[in-house]
Amino acid sequence: MKIFYAFSGHGHGHAVRSSVVIKYLRRLGHQIKVATYSQGLKFAETIGLDVVEIEGFRMHYSRRGLSNTKTLFHFFNRSPQVILSNLFRLRKVLNDFQP
């Protein structure tokens, strides 16, 4: 079976947990295509996953730590662009990945 698997690229937590699931699915004979960004992309490439880069959202920090206001502002400001960019990028990938 062909499986498309996407995870957040912010930090390594999602990538590490996802890699365990992906390795298990591969051992069962499934073909896995991964989509992620930023640190998750680098990690996925390092461990040899079949990965496509997507555009993701970022957390914004100040000297005091995470800036919720700035993060939410950029999230809502960029959402339409990110969604459209990823739809166009993934459309070709998923068409090529069909059974």
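Above this text sits the structure in question.
The residue numbers shown here count from 1 along each chain, following its written sequence. Where totals are concerned, whole chains, interfaces and linings use all residues; where local detail is concerned, this predicted model gives features only for residues with pLDDT of at least 70, and gives and counts side-chain atom pairs only at 80 or more. Neither water nor hydrogens contribute to the side-chain values; these are computed over all heavy atoms in the structure.

**Student:** Just give me the short version of the overall build of the chain, but keep the residues and values in it.
**Tutor:** Of the regular secondary structure elements, the chain holds three helices and five strands. A run of H or I in DSSP counts as a helix once it spans at least four residues, and a run of E counts as a strand once it spans at least two, with each numbered from the N terminus. Taken from N to C terminus, the helices and strands of the chain fall in the order β-α-β-α-β-β-β-α. For the chain, the proportion of its 99 residues judged to be buried stands at 31%. Only heavy atoms enter the contact rule, under which two residues are in contact if any of them lie within 4.5 Å. For the chain, restricting intrachain contacts to residue pairs at least 6 apart in sequence, the fraction spanning at least 24 positions comes to 56%. Exposure was quantified through the Shrake-Rupley algorithm and a 1.4 Å probe, taking into account, for residues, occlusion by the shown protein chains and nothing else. Here the chain displays about 7,000 Å² of accessible surface, and carbon together with sulfur accounts for 57% of that area. Positive residues here are Lys and Arg, negative ones are Asp and Glu, while His and the chain termini are left out of the count. We put the charge of a Lys on NZ, of an Arg on CZ, of an Asp on CG and of a Glu on CD. The centroid of the 15 positive side-chain charges in the chain is displaced by 8 Å from the centroid of its 5 negative side-chain charges. Only protein chains enter the accessibility calculation, which uses a 1.4 Å probe; a residue whose area is less than 20% of its type maximum is buried, one above 50% is exposed, and one in between is partly exposed.

**Student:** Give me the lowdown on a nonpolar patch on the surface, citing residues and values where you can.
**Tutor:** Patch construction takes residues with relative accessible area above 30% that form no salt bridge. Like charges are linked within 9 Å, and nonpolar side chains (Val, Leu, Ile, Met, Phe, Trp, Tyr) are linked within 5 Å. What makes a salt bridge here is a side-chain nitrogen of Lys or Arg within 4 Å of a carboxyl oxygen of Asp or Glu, nothing more. Together, Ile83, Leu84, Leu87 and Phe88 give the surface a local cluster of nonpolar side chains, amounting to about 440 Å² of exposed area. Looking at where Leu87 falls in the secondary structure, it is placed in helix α3 (residues 68-96).

**Student:** Tell me about the packing of aromatic side chains, and please be specific about residues and values.
**Tutor:** The rule is short: rings of Phe, Tyr and Trp, with Trp giving its six-membered ring, pair when the centres are within 6.5 Å, and they are stacked under 30 degrees, edge-to-face over 60, tilted in between. Taken as a whole, this structure holds one aromatic pair when the rule is applied. For the pair Tyr5 and Phe7, a centre-to-centre distance of 6.3 Å together with 65° between the ring planes defines the contact as edge-to-face.

**Student:** Go over the environment of Ser19, please, and point to the residues and values.
**Tutor:** Inspection of the secondary structure assignment puts Ser19 in helix α1 (residues 13-27). The class of Ser19 is buried, set by a relative accessible area of 6%. In the structure, Ser19 is positioned 30 residues away from Leu49 in sequence and 8.6 Å away in space, judged by C-alpha atoms.

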